[in-house]
Amino acid sequence: MFDLSSLTARTIFALCAVAIGFFLFFPIYWLAISAFKGNAELYRIVPTLWPHAPTLDNFETAITRGKLLLHLKNSLIVSGSAAAINSLLAMYAGYSFAKFQYPARRAVMLLLLSAQVFPFGLLLISLYPMMTDLGLIDTRPGLVLSYIVFALPVSTYMLYSYFSQVPSELIEAARADGASELRIFHTIVLPVSIPAVVTVFLYGFMWSWNDLLYAMTLIVSEDKRTVGPGLLLSYLNEVNADWGGAMAASLVASLPIVIAFGFLQRWFIQGVTAGSVK
Amino acid sequence: MASSAAVESPPLRISPAARRGGLKANERRIGWLFLVPALLAFAGVIALPFVRALGIAFTRNDLRTPVPRFIGFDNFKTILASPEIMGSFVTTAIYVTAATAFTLVLGLAWALILNQPFRGRTALRAASLIPWVLPSTVTAFVWGWIFNSRYGVLNAGLIELGLIDRQQAWLSDATGAMTAVVVTKVWLSIPLFMSFFLAGLQSLDREQVDAARVDGAGNFAILRDHILPHLRPVVLVVIVLGLIGNLQHFDTIYALTSGGPVRATTVLSIEVFRRAFDQWDLGLASAVGLLWVATIMPAAYFYLRHLLRGV
């Protein structure tokens, strides 16, 4: 796009690239290397730029002393279930918006999408007593249900955009053959929409995996805690902060989501920016 | 994808026009049926809590009043009379403006850089998304460690460069803490902003840019006359999305500063959380929450209108 044949242009471009790149990537580098530093190297006024005496001690203490693995398992169960339910709901709703005509369609769509703009903190105030009344406070199902709010609006919209591109002739033809609407959706529309469904699943998974607010409030027992609040409550204690352990545990907690994302990022970006950019 | 199958599909046996009458009622019913699960979930975890919060805002409902008692607009009067709560609106304005503005500039710059062809660009684009997918606690840990007053690499780096002469206690100083939470949020949001800009740049007419270059336009002129005008709609969407996201943001601020020192980083999300779950004053918390929703509404209006155009 830019002509970088002149030295000035190249210099300015390189300076900007290095500065922003440094801002984006240095913290990740620092997280990664700090996890491999022993306490003697970690707590120095002038830090070393790479671990001179790399050690796995932080990982060992993070895994054996804390409840990291248990919290990871909880996160996996909660995020997996929340993402699955969210994808199912968004699938049918998105299909309905994309391929059916009915009077209040636009209004319902507006209602559903508007959920994205309600601050979660406000909903939590009344969600909390509601969950208590239902006996769902401090339970994983309660947290899973609450997580639907995060991803449903955007997921529905992503699938709506995707399904809109599936040719209607395909659906009409199956209808003419006498296939039921559910069958048409399951055997014709869904198979060609797997990338979009996977993206929506990952999107829902990411929201739940990364959440702190709901997980911290709706779960009280340490044994049911998910990884976000689990990390916070285990490591960020002013009197006795274990930064090495915090970095190692952070690395372990981030790996699943970063790896999943690495495989699917291309689809993911298309899905998230769908409809908003044209 | 689906298009090749569509071409091979058998011709319709009944003309669409002939079927239309019976189909329409059926279509309406089935369309609604497909919506039922999502609408039930929406009603349960979004609509109902919101309506209840709306009700609670007009009641006294705290530890001494476990059963809500209607008090009209008293909570709102309390808010207006409280310099603390009014202060959190100001803090929110500062936080949201700074976070949105810096993310906008850096996200745009980074997208323009990654739009330039060079080796390793694809990998760099993918890696640029990492800050966005990290759990919020991890993000807070990373920056908490960087901003650490005694062992933080930021202080060490700034002293090394001669920019400061002694360690700054970033997180226990009002300005320092605000800087830290803004920097953290900017870092976290650049990937999303960048993705929108990159998507927008794909539809830029390259021939037009090349023609302008032949006419003698320099890089700056191309940016000003072609790229920025082309990205205008994307910039608007991104600003609106950024405002909504930053107005709602809670996680990394809470994990980094819990709204402190004192109240220096107590934005509305923290204010509502503390009133509700530290002080258990649900009435006042809901009232603040409703005003919080009101601050989001203008941006939300533009965003929803944008999403639903052409529906």
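Treat the numbers as computed from the prediction; the structure is a model and nothing was measured.

Reading the values: the criteria
- Residues numbered from 1 in each chain as written.
- Chains lettered and ligands numbered in written order.
- Predicted model: local features only at pLDDT ≥ 70, side-chain atom pairs only at ≥ 80, totals over all residues.
- Helix = DSSP H or I, 4+ residues; strand = E, 2+ residues; numbered from the N terminus.
- Rg over C-alpha atoms; globule rule 2.2 N^0.38 Å.
- Buried ≥ 20, exposed ≤ 12 C-beta atoms within 10 Å, placed from the backbone.
- Contact = placed C-beta atoms within 7 Å.
- pLDDT = per-residue confidence, 0-100.
- Axes fitted to C-alpha atoms, helices over the stretch in contact; angles between N-to-C directions.
- Left-handed = near helix turned anticlockwise from the far one by under 90°.
- Nonpolar A, V, L, I, M, F, W, Y, C, P; charged D, E, K, R; others polar.
- Domains from an automatic or database assignment.
- Core = buried A, V, L, I, M, F, W, Y, C linked by C-beta atoms within 7 Å.
- Expected span 1.5 Å × (residues − 1).
- Bend = angle between axes of the 7 residues up to and from the residue.
- Arc of directions from axis to C-beta.

### Notes on the overall build of chain B
So, step 1. Within chain B, the secondary structure is distributed over 14 helices and two strands.
So, step 2. Over its C-alpha trace chain B gives a radius of gyration of 26 Å, far above what one expects of a compact globule, namely 19 Å for 311 residues.
So, step 3. Taken over the C-alpha atoms alone, chain B extends approximately 75 × 60 × 30 Å along its principal axes.
So, step 4. Each of the 311 residues in chain B was classed as buried or not, and the buried ones make up 43%.
So, step 5. A separation threshold of at least 6 residues defines the contact pool for chain B, and within that pool the share at least 24 residues apart is 69%.

### Brief notes about the overall build of chain A
So, step 1. The number of helices and strands found in chain A is 13 helices and zero strands.
So, step 2. Of the regular secondary structure in chain A, the N- to C-terminal order runs α-α-α-α-α-α-α-α-α-α-α-α-α.
So, step 3. Over its C-alpha atoms, taken along the principal directions, chain A stretches across nearly 75 × 65 × 30 Å.
So, step 4. For chain A, the proportion of its 278 residues judged to be buried stands at 50%.
So, step 5. Pairs at least 24 residues apart make up 75% of the contacts formed inside chain A by residues separated by at least 6 positions.

### A closer look at the confidence of the model for chain B
Residues and elements named next belong to chain B.
So, step 1. Considering every residue of chain B, the mean pLDDT works out to 88; 93% of them sit at 70 or more.
So, step 2. Per-residue pLDDT, averaged within each element of chain B, yields its smallest value for helix H1 (residues 3-8) (39) and its largest for helix H4 (residues 83-115) (96).
So, step 3. Note on residues 1-15: pLDDT under 50 across the span, and 20 contacts to partners over four residues away in sequence or across chains.
So, step 4. In the predicted complex, the global pTM is 0.90; the interface-specific ipTM is 0.90.

### Looking at the packing of helix H4 (residues 68-99) of chain A against helix H7 (residues 140-164) of chain A
Between two packed helices, both the angle of their axes relative to each other and the distance between the axes serve to describe the pair.
All names here are of chain A.
So, step 1. Contact geometry for H4 and H7: axes closest at 6 Å, N-to-C directions at 35°. Along this stretch, H4 crosses H7, giving a crossing that reads as right-handed.
So, step 2. Classifying every residue of the contact of H4 with H7 gives 20 nonpolar, eight polar and two charged.

### Some remarks on unusual backbone geometry
So, step 1. Between Gly260(B) and Pro261(B) the backbone carries a cis peptide bond, its omega angle lying at 0°.
So, step 2. Topologically, Pro261(B) is positioned in the loop between helix H12 (251-257) and helix H13 (268-277).
So, step 3. Within the chain, Asp138(A) stands out as a residue other than glycine whose phi angle is a positive 60°.
So, step 4. C-beta crowding within 10 Å serves as the criterion here: with 15 such atoms nearby, Asp138(A) is assigned to the partly exposed category.
So, step 5. Of note in this structure, Val262(B) is not a glycine but carries a positive phi near 50°.

### Regarding the interface of chain B and chain A
So, step 1. Of the residues lining the interface, 90 residues belong to chain B; the matching set on chain A comes to 93 residues.
So, step 2. Counting residues per element, the side of chain B that touches chain A draws most heavily on helix H2 (residues 16-56) of chain B, at 19 residues.
So, step 3. The class makeup of the residues in the side of chain B that touches chain A is 69 nonpolar, 15 polar and six charged.

### Examining the domain arrangement of chain B
So, step 1. The assigned domain composition of chain B is domain 1 (13-56) and domain 2 (82-307).
So, step 2. A separation of 36 Å is found between the C-alpha centroids of domain 1 of chain B and domain 2 of chain B.

### A word on the nonpolar core
So, step 1. If you look at the biggest cluster of nonpolar residues, it comprises 176 residues, and the most contacted ones within it are Leu123(A), Val149(A) and Leu152(A).
So, step 2. Discounting residues that sit within four places of it in the chain, Val149(A) has contacts with Ala115(A), Phe120(A), Leu123(A), Val45(B) and Ile46(B).

### Brief notes about the domain arrangement of chain A
Residue and element names in this part refer to chain A.
So, step 1. Along its sequence, chain A is organised into domain 1 (7-60) and domain 2 (66-273).
So, step 2. Here domain 1 and domain 2 have C-alpha centroids that lie 32 Å from each other.
So, step 3. With nine residues of domain 1 in contact, the opposing surface of domain 2 contributes seven residues.
So, step 4. Residue assignment for the side of domain 1 that touches domain 2 shows that the elements contributing at least two residues are helix H1 (7-34), helix H2 (39-42) and helix H3 (57-64).
So, step 5. In terms of residue count, H1 provides more of the side of domain 1 that touches domain 2 than any other element does, three residues in total.
So, step 6. A breakdown of the residues in the side of domain 1 that touches domain 2 according to their chemical character gives five nonpolar, three polar and one charged.

### Let's talk about helix H11 (residues 219-248) of chain B
So, step 1. Over its 30 residues, H11(B) runs only 37 Å from end to end, short of the ideal 44 Å by more than 12%, given 1.5 Å per residue.
So, step 2. A bend of about 55° at Arg232(B) is the largest found in H11(B), and the proline Pro233(B) appears one to four places after it.

### Considerations on helix H8 (residues 168-176) of chain A
Residue and element names in this part refer to chain A.
So, step 1. All of the buried residues in H8 are Leu170, Ile171, Ala173 and Ala174. Taken end-on, H8 shows its buried residues confined to a sector of 160°, consistent with a single buried face.
So, step 2. Just downstream of H8 lies Gly178, where phi reads positive at about 90°.

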